[in-house]
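Read off the chains here:
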Amino acid sequence: MTPLDVAANLRVVRDRIVAAGGDPARVRVVAVTKGFGPEAVEAARAAGLDDVGENYAQEMLAKRASFGDLTVHFIGRLQTNKVRLVAALVDCWQSVDRLALADEIARRAPGARILVQVNVSDEPQKGGCAPSEAGELVRRCRDLGLVVSGLMTVGRTGDPDAVRPGFALLSGLADRLGLPERSMGMTHDLEAAVTEGATMIRVGTALFGNRPPDPSRGN
Ligand SMILES: *Cc1c(COP(=O)(O)O)cnc(C)c1O
């Protein structure tokens, strides 16, 4: 992976956004750098991207010097006891799906920007609160002084066509709650997300290629 490859890959991603009926100026691309070293963060910056997404606290700490003034999104499942480790690095907490986590973020990063993660596919292995709980969690997060700018979801695994109803559900929920940001869509399903109103897509593989296997993590 070279910075030139990433810049070319980003053009392909922007073409896909356009083909799905989106406006690349209004769909923010979060470069998901998990699994890669600081060179991926540098390549994203060189390609003109402003946002990176990370999933693992220890990995983030190892790469912290590369983030500079990029906007750093935490997008992975987060244990409450890891919040403290990365609080100084994270600009937007995208995977807030329960009150205990919100509480700890409010304690370690007062006034932080967050998205509430919603599980729109009812798959037990996915993070996110139930759609019916989202409104209440948004209110409780605000009571804690957090700035809730929108909702986030990970689409149903499998057929990209089967993913659209879940993305539509997230958009409808964000509309009803008056939240502008909808973070949805990854490499394999970004078209469906854009069609259903994503304001932010989180893309790793399409920019950087396949992630190197990490035996310690099983992914
Ligand atoms: C890994 C990950 C992505 C990026 O996935 P790709 O398929 O590589 O684009 C997006 N969102 C979340 C929550 C992830 O964990």
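Rules of the game
- Residues numbered from 1 in each chain as written.
- Predicted model: local features only at pLDDT ≥ 70, side-chain atom pairs only at ≥ 80, totals over all residues.
- Heavy atoms only, no water.
- Axes fitted to C-alpha atoms, helices over the stretch in contact; angles between N-to-C directions.
- Helix = DSSP H or I, 4+ residues; strand = E, 2+ residues; numbered from the N terminus.
- Left-handed = near helix turned anticlockwise from the far one by under 90°.
- Contact = heavy atoms within 4.5 Å.
- Nonpolar A, V, L, I, M, F, W, Y, C, P; charged D, E, K, R; others polar.
- Buried < 20%, exposed > 50% of the residue type's maximum accessible area, 1.4 Å probe, protein only.
- Pairing = 2+ DSSP bridges.
- Core = buried A, V, L, I, M, F, W, Y, C linked by side-chain atoms within 4.5 Å.
- Salt bridge = Lys/Arg side-chain N within 4 Å of Asp/Glu carboxyl O.
- Phe/Tyr/Trp six-rings, centres within 6.5 Å; stacked < 30°, edge-to-face > 60°.
- Near = heavy atom within 4 Å.
- Polar contact = N/O pair within 3.5 Å; in protein donor to acceptor, adjacent residues only side chain to side chain.
- Areas by Shrake-Rupley, 256 points an atom, 1.4 Å probe, with all protein chains shown as cover.
- Arc of directions from axis to C-beta.

A.B. asks: Could you clarify how one ought to interpret the packing of helix H2 (residues 38-46) against helix H3 (residues 57-67) in this entry?
C.D. replies: Two measures define how a pair of helices packs: the angle their axes make with one another and the distance between the axes. Remark: H2 packs on H3, axes separated minimally by 9 Å, with the N-to-C direction vectors making an angle of 35°. In terms of crossing hand, the pair formed by H2 and H3 is right-handed. Contact residues: Pro 38, Val 41, Glu 42 and Arg 45 in H2; Lys 63, Ser 66 and Phe 67 in H3. Grouping the amino acids of the contact of H2 with H3 by side-chain chemistry returns three nonpolar, one polar and three charged.

A.B. asks: I would appreciate a short explanation of the pairing of strand S6 (residues 147-152) in the present structure.
C.D. replies: Side chains on a regular strand alternate between the two faces of the sheet. Taken across its six residues, S6 has five buried, putting it largely inside the fold. As defined by bridge partners, strand S5 (residues 113-117) adjoins S6 across five bridges and the pair is classed as parallel. In the strand pairing of S6, Val 116 is matched with Leu 151. The sheet contact formed by S6 and strand S7 (residues 181-183) spans three bridges and is parallel. Bridge pairing in S7 places Met 152 opposite Ser 183.

A.B. asks: Help me understand the nonpolar core, please; the structure alone is not making it clear to me.
C.D. replies: In globular proteins that are soluble, nonpolar side chains generally tend to be buried together. One finds Trp 93, Val 116 and Ile 201 to be the most contacted residues of the largest nonpolar core, which totals 66 residues. The element that contributes the greatest number of residues to this core is helix H1 (residues 3-19), accounting for five residues. In this view, Trp 93 contacts Phe 74, Leu 78, Val 83, Val 86, Ala 87, Ile 105, Ala 109, Ala 112, Arg 113, Ile 114 and Leu 115; residues no more than four positions away in its chain are not counted.

A.B. asks: Which parts of the structure should I look at to understand the environment of Ile 105?
C.D. replies: Topologically, Ile 105 is positioned in helix H5 (residues 99-108). Separated by 18 residues in the primary sequence, Ile 105 and Ala 87 have C-alpha atoms spaced 7.5 Å apart. Excluding residues within four positions of it along the chain, Ile 105 makes contact with Val 83, Trp 93, Val 96, Pro 110, Ala 112 and Leu 146.

A.B. asks: Quick question: what am I supposed to make of the pattern of salt bridges here?
C.D. replies: Side chains that differ in sign of charge can pair as their charged atoms come close. This structure, assessed with the given rule, holds 15 salt bridges. Between Arg 113 and Glu 181 there is a salt bridge, and its shortest N-O distance comes to 3.9 Å. Of this pair, Arg 113 sits in strand S5 while Glu 181 sits in strand S7, and the two are 68 residues apart along the sequence. In this structure Arg 113 comes out as partly exposed when scored by relative accessible area, which is 27%.

A.B. asks: I'm lost on the packing of aromatic side chains in this one. Help?
C.D. replies: The geometry of an aromatic ring pair comes down to the distance between the two centres and the angle between the two planes. For the structure shown, the criterion picks out two aromatic pairs. Plain terms: the ring middles of Phe 36 and Phe 208 are 5.5 Å apart, the flat faces sit at 50° to each other, and that makes the pair tilted. Here the residue Phe 36 occupies a position in the loop between strand S1 (28-32) and H2, and Phe 208 occupies one in helix H9 (residues 205-208), the gap between them amounting to 172 residues. The burial state of Phe 36 is the same as that of Phe 208; both residues are buried.

A.B. asks: I would appreciate a short explanation of the site of the ligand in the present structure.
C.D. replies: Every residue close to the ligand is listed here: Val 32, Lys 34, Asn 55, Ile 75, Val 154, Met 186, Thr 187, Arg 202, Val 203, Gly 204, Thr 205 and Arg 211. Arg 202 is positioned with one of its side-chain polar atoms (N or O) 2.9 Å from a nitrogen atom of the ligand. Expressed as a share of its isolated accessible area of 390 Å², the protein-covered part of the ligand is 89%. In the shell around the ligand, the residues fall into five nonpolar, four polar and three charged.

A.B. asks: Even after reading the chapter, I still don't get helix H6 (residues 134-143), so can you show me in this structure?
C.D. replies: Each full turn of the α-helix corresponds to 3.6 residues, which orients residues three or four apart in the same direction. When we look at burial in H6, the residues that qualify are Ala 134, Gly 135, Leu 137, Val 138 and Cys 141. Seen from one end, H6 has its buried residues packed into an arc of 165°, which puts them on one side. The inward-facing, buried residues of H6 abut strand S4 (92-96), H5, S5, S6 and helix H7 (164-177). Among the residues trailing H6, Gly 145 stands out with phi positive, at a value near 90°.

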